[in-house]
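Structure at a glance
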Amino acid sequence: MNEETKALVEAIVSLKQEQDYFKDYIFPLAIGLSSSLLGAGVAYFTIKHQDYAALQKARVQAINDWILSAEGAMQSLISIKQNYHGKLESNPFQRAMEVRSLIGVTQKIDKDITKLAFIVPKKAEPDTHNIKWRQIPRIRSMVQNYNLIVDTWSKRAELDRPIKEKLMQDYGQLAYAHVNKEQIFNSVGAANFTLLIDFTEKAIKFTDDLILELHDFLQDFPETAKTLIDKKYRDRYGPILTFSTGGNTILENLMEKSTEVDYSILAPLFGEAEEKIKAEYETGYE
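All figures in this text were calculated on a predicted structure; none of them were measured in a lab.

What counts, and where the lines are drawn
- Note that residues are indexed from 1 along each chain, following the sequence as it is written.
- The predicted origin of the model limits local features to residues at a pLDDT of at least 70 and limits the giving and counting of side-chain atom pairs to 80 or more, whereas totals for whole chains, interfaces and linings rest on all residues.
- With hydrogens and water stripped out, all remaining heavy atoms of the structure feed into the side-chain values.
- Only DSSP runs of H or I reaching four residues or more are called helices, and only runs of E reaching two or more are called strands; each is numbered from the N terminus.
- What a helix should span is 1.5 Å times the count of its residues minus one.
- Consider a residue and the seven residues that end there alongside the seven that start there; fitting an axis to each set, the bend is the angle between those axes.
- Here a residue-residue contact requires only that any non-hydrogen atoms of the pair lie within 4.5 Å.
- Geometry of aromatic contacts follows a simple scheme: Phe, Tyr and Trp rings, the Trp one being its six-membered ring, pair when their centres are within 6.5 Å, and the pair is stacked under 30 degrees between planes, edge-to-face over 60, tilted otherwise.
- For every residue, the accessible area obtained with a 1.4 Å probe (protein chains only) is divided by the maximum for its type, and the residue is called buried under 20%, exposed over 50%, and partly exposed between those limits.
- Nine residue types can take part in a nonpolar core, namely buried Ala, Val, Leu, Ile, Met, Phe, Trp, Tyr and Cys, and a core is a set of them joined through side-chain atoms within 4.5 Å.
- Axis definition: a line fitted to C-alpha atoms, over the contacting stretch in the case of helices. Angles run 0 to 180 degrees between N-to-C directions.
- Each angle is binned into one of four classes, with values under 35 degrees roughly parallel, values over 145 roughly antiparallel, values of 65 to 115 roughly perpendicular, and all other values oblique.
- Side-chain classes are defined by residue name, with Ala, Val, Leu, Ile, Met, Phe, Trp, Tyr, Cys and Pro counting as nonpolar, Asp, Glu, Lys and Arg as charged, and the others, Gly among them, as polar.

**Considering helix α6 (residues 190-226)**
The terminal C-alpha atoms of α6 lie 54 Å apart, and with 37 residues this matches the ideal 54 Å at 1.5 Å per residue to within 8%. The sharpest bend along α6 comes to roughly 35°, located at Asp-220, with the proline Pro-222 sitting one to four residues further on.

**Focus on the environment of Ile-109**
Structurally, Ile-109 is set in the loop between α3 (92-98) and α4 (136-171). Each C-alpha atom of the pair Ile-109 and Asn-147 lies 6.6 Å from the other, and the pair is 38 residues apart in sequence. Non-local contacts of Ile-109, meaning those with residues more than four positions away in its chain, are made with Ser-69, Ala-73, Val-143, Tyr-146 and Asn-147.

**Side note on the packing of aromatic side chains**
For the coordinates displayed, the defined rule picks out eight aromatic pairs. With a centroid separation of 5.7 Å and 55° between ring planes, the pair formed by Phe-93 and Phe-185 is classed as tilted. Here Phe-93 is found in helix α3, whereas its partner Phe-185 is found in helix α5 (residues 181-188), with 92 residues between them in sequence. Plain terms: the ring middles of Phe-93 and Phe-193 are 5.7 Å apart, the flat faces sit at 10° to each other, and that makes the pair stacked. Taken as a pair, Phe-93 in helix α3 and Phe-193 in helix α6 lie far apart in primary sequence, 100 residues in all. Residue Phe-93 shares its accessibility class with Phe-193, and that shared class is buried. Ring pairs connect the aromatic residues Tyr-52, Tyr-233 and Tyr-237, which therefore count as one cluster.

**Some details on the side chain of Asp-198**
Position of Asp-198 relative to the elements: it lies in helix α6. Those residues in contact with Asp-198 that sit more than four places away from it in its chain are Phe-270 and Tyr-281.

**A closer look at the nonpolar core**
Core analysis: the biggest nonpolar cluster contains 48 residues, and Leu-116, Ile-139 and Phe-221 have the highest contact counts within it. At the level of secondary structure, the elements contributing two or more residues to this core comprise α2 (21-81), α4, α6 and α8 (249-254). The greatest single-element share of this core, amounting to twelve residues, is contributed by α2. For Ile-139, the contacting residues outside a window of four places in its chain are Trp-66, Ile-113, Leu-116, Ile-119, Trp-133, Phe-217 and Phe-221.

**Here's the deal with the packing of α4 against α5**
One can describe the packing of α4 onto α5 by two numbers: an axis separation of 10 Å at closest approach and a directional angle of 110°. If you check the angle between α4 and α5, you find them roughly perpendicular. The residues of α5 that touch α4, namely those facing Ile-163, Lys-166, Leu-167, Asp-170 and Tyr-171, are Gln-183, Ile-184, Asn-186, Ser-187 and Val-188. Considered class by class, the residues forming the contact of α4 with α5 number five nonpolar, three polar and two charged.

Structural data, given as structure tokens:
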């Protein structure tokens, strides 16, 4: 190799940089890994936020759904009570004759109560354990009792129609005003009319108490539920529905309990002591 060629080779070699492993391998790998982690983190928190928002939305919908169902149930019972409110005396015979069988079509409540599972107080929050409308059993009992009273009114209507028709045949227009105990028993039988009285008193008692229970739920549950939903999601997916009588005196009057039956007249009909008969008509809301 001549001197000129040797000098050229040395010059080329001197221009070549030493290999930098960090820059050539580690740095690009770190950049790629960081980008992947950042993307995964952004995706994770985005999905988590979307899931949380969807959860809050579902809670708002569940709360409003139950409020609307309770309001519909209360209005159904009030519509029934309008047929006899203010007309009842304490005599069970008068009451059975006065209450009409045509009560309209009343729908039961058929809802998935597990959608309200989020209202159950946590063990770490002892101050919330005694809040009435965060107790699933209380809400379930309210629904079951409402459905029970719908069945009770329906069964009473089945008994009432043939009895009233027979009394009308036997006594004409007197059937709704002047027939006495003996005339009633002679016409339709003591057992049949006593059964009608039994269904009548159970229906009246449960209707009164369920109207008040449903009203209490409608008053307090929305406020309780609001504490379980972030405000920004209440604003976005709400509002949480609320209920008020609006000063409606007719509606407020219908929430007053009916005249109580005279248990001294009921007791001989069932062959039981007054106190025992009275206990049998208790609803648990006293």
